Amino acid sequence: MNSKKMGNKRWLAYANTDKCNHIKALKTLGYISWSNDSRKFEVGDVVFLYIRQYRRVIYKTRVERINILREDTDFWKEQFQQEVKNQLTSRLRLEKIYKGEELNEEKLSNYGYDGKSIQRPSSKNERLLSYIEQVFDRV
């Protein structure tokens, strides 16, 4: 399903595995909570997750709910749990997992990925997001 045709945005977000075990949360819960910040996720938006540990995009998620209290606190490292416990978040429901090499850092750089532009979720690089979506469409 092409999210762009539905009017929803596509985002690329950077999952910092030094703070939270997003992988385990997605496997266990089927979703993760993503902090609300200056970006405005809307229900139905697609969020591709770049996993720092593996230096590649692995997950396609869809925003299922917004402005809800964090539901994945147990998957955060202990020193961060109190800090994130009562945050307002968006729930990102897992849709697909990609295990190949086409979404690694080297391939993504051919489409404008620079590693710095996604410290906060970004929807600006349409060329990069289209490439990522095409790869997931074949999964």
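Anyway, here's the lowdown on the structure attached to this text.

About the thresholds
- Residues numbered from 1 in each chain as written.
- Predicted model: local features only at pLDDT ≥ 70, side-chain atom pairs only at ≥ 80, totals over all residues.
- Heavy atoms only, no water.
- Core = buried A, V, L, I, M, F, W, Y, C linked by side-chain atoms within 4.5 Å.
- Buried < 20%, exposed > 50% of the residue type's maximum accessible area, 1.4 Å probe, protein only.
- Contact = heavy atoms within 4.5 Å.
- Helix = DSSP H or I, 4+ residues; strand = E, 2+ residues; numbered from the N terminus.
- Pairing = 2+ DSSP bridges.
- Axes fitted to C-alpha atoms, helices over the stretch in contact; angles between N-to-C directions.

Our focus in this paragraph is the nonpolar core. Trp34, Val47, Leu49 and Leu92 are the most contacted members of the largest nonpolar core, which totals 21 residues. Discounting residues that sit within four places of it in the chain, Leu92 has contacts with Leu26, Gly30, Tyr31, Ile32, Trp34, Phe41, Val47, Leu49, Thr61, Arg62 and Val63. Listed in part, the 16 residues of the second largest apolar core include Leu12, Tyr14, Tyr50 and Tyr98.

Along the polypeptide, Leu128 turns up in helix 4 (residues 126–137). With 17 residues separating them in the primary sequence, Leu128 and Tyr111 have C-alpha atoms 4.9 Å apart.

Here five strands make up an open sheet; going across it, the order is 1-3-4-5-2 and the pairing mixed. Looking along the sheet, the strands with just one partner apiece sit at the ends: strand 1 (10–15) and strand 2 (31–35). Ignoring which end each strand starts from, the neighbouring axes of this sheet average 40° apart. Inspection of the sheet shows strand 1 paired to strand 3 (residues 46–51) by six bridges, in the parallel sense. Pairing of Leu12 across the sheet is with Phe48, part of strand 3. Contacts from helix 1 (residues 22–29) reach strand 1, strand 2, strand 3, strand 4 (56–69) and strand 5 (88–97) within the one sheet, and its direction differs from that of strand 2 by about 135°.

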